[in-house]
Amino acid sequence: MRQRLSSEPDRYRGRRRVPTPPRSRYAAVVTTAFVGAGIVALGANALPDAKSVSPSVLDELRQASVASQDAADRASTGDRATRDERSGDETAATQQDPWLLPLHGYDFKSPYGVRFGKLHTGVDLVAPEGTPYQAIHSGTVTKAGWFGGYGYAVIVKHADGSEAIYGHSSAVTVKEGQEVKAGDQLGLVGNTGHSYGSHLHLEVHVNGQPLDPVPWLQDRGVDIKLETEALYSDVAAS
């Protein structure tokens with residue numbers, strides 16, 4: 001036992017210095033902590049015997065994780081491609097069978113509604129007599145000729161079951177049973193039947209009942225009041 005020197009301060013009396021472990025022990029402790037954390041993260045199911053952990057097992061797990069991520073990325077890419085393809089098909093279908101204005105350069109008169117105590121079941125588009133008008137959508141001509149108060153008229157039934165009536169024509173240029181596409185000429189603007197001046201009377205019927213053509217066609221990209229079509233707007237925007 002070492003004899004205390006008289007010059008040694010009193011504050012050291014009765015105290016022992018805790019021995020500092022060698023650096024090799026610190027390394028062992030830190031390494032054990034990291035390995036233990038890795039085993040907990042991997043889970044007991046992945047590593048049934050923690051004592052048998054080897055670098056090859058960790059490499060296999062990392063490779064499996066990378067493969068799983070690659071598969072998820074490929075699935076996501078495939079879903080985006082499918083959505084893009086579907087959107088492209090819908091756009092192409094719309095372009096192939098669009099909704100259009102029946103003519104251009106007209107004055108919008110007499111909207112749908114009560115007029116002179118009676119329901120005016122369509123809209124009047126004033127244009128010079130003899131101006132060609134066209135089908136607003138593809139369909140089958142079910143009427144082409146004289147139609148009472150409508151004068152010479154054309155009726156086209158569309159694939160969705162709706163019908164468009166074009167009245168007061170000076171002449172019709174299609175026949176009943178004929179298949180037409182949007183933009184095909186149907187007749188010429190006139191003043192026949194119960195008419196008060198040269199104009200095209202346009203009606204839309206759904207389930208046999210007349211509807212206001214303005215909001216109905218707006219839902220299909222056509223604004224009769226503003227004389228605009230979605231098809232032309234898309235072309236101008238591009």
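Here, the structure is the one placed above.
All figures in this text were calculated on a predicted structure; none of them were measured in a lab.

In total, this model carries 4 aromatic pairs according to the counting rule given. Considering the side-chain rings of tryptophan 99 and tryptophan 216, the 5.2 Å spacing of their centres and the 85° angle between planes classify their relative orientation as edge-to-face. Remark: tryptophan 216 occurs in helix α3 (residues 213–218) and tryptophan 99 occurs in the loop between α2 (55–96) and β1 (107–109); sequence separation between them is 117 residues. Per residue, the accessibility class of tryptophan 99 equals that of tryptophan 216, and both read buried. An angle of 85° between the planes, with centres 5.0 Å apart, marks the rings of tryptophan 146 and tyrosine 152 as edge-to-face. Using a relative accessible area of 35% as the deciding quantity, one classes tyrosine 152 as partly exposed. Above the face of the tryptophan 99 ring, arginine 220 is positioned so that its terminal group lies 5.6 Å from the ring centre. If you follow arginine 220 out to its NZ or CZ, it ends over the ring of tryptophan 216, 3.7 Å from the centre.

Before going further, it helps to examine the pairing of strand β11 (residues 199–206). Of all 8 residues in β11, 7 are buried; the element is thus mostly enclosed. As paired strands, strand β4 (residues 123–126) and β11 are joined by 4 bridges and run antiparallel to one another. Note that in β11 the partner of aspartate 124 across the bridge is histidine 201. Where β11 and strand β12 (residues 209–211) come together, 3 bridges link them in antiparallel fashion.

Pairing between side chains becomes possible if they bear opposite charge and their charged atoms approach one another. Across all of its chains, the model carries 1 salt bridge by this definition. Notably, a salt bridge pairs aspartate 124 with arginine 115, separated by 3.5 Å at the nearest N-O pair.

How each quantity is defined
Residues numbered from 1 in each chain as written. Predicted model: local features only at pLDDT ≥ 70, side-chain atom pairs only at ≥ 80, totals over all residues. Heavy atoms only, no water. Phe/Tyr/Trp six-rings, centres within 6.5 Å; stacked < 30°, edge-to-face > 60°. Helix = DSSP H or I, 4+ residues; strand = E, 2+ residues; numbered from the N terminus. Buried < 20%, exposed > 50% of the residue type's maximum accessible area, 1.4 Å probe, protein only. Lys NZ or Arg CZ within 6 Å of the ring centre and 35° of its normal. Pairing = 2+ DSSP bridges. Salt bridge = Lys/Arg side-chain N within 4 Å of Asp/Glu carboxyl O.

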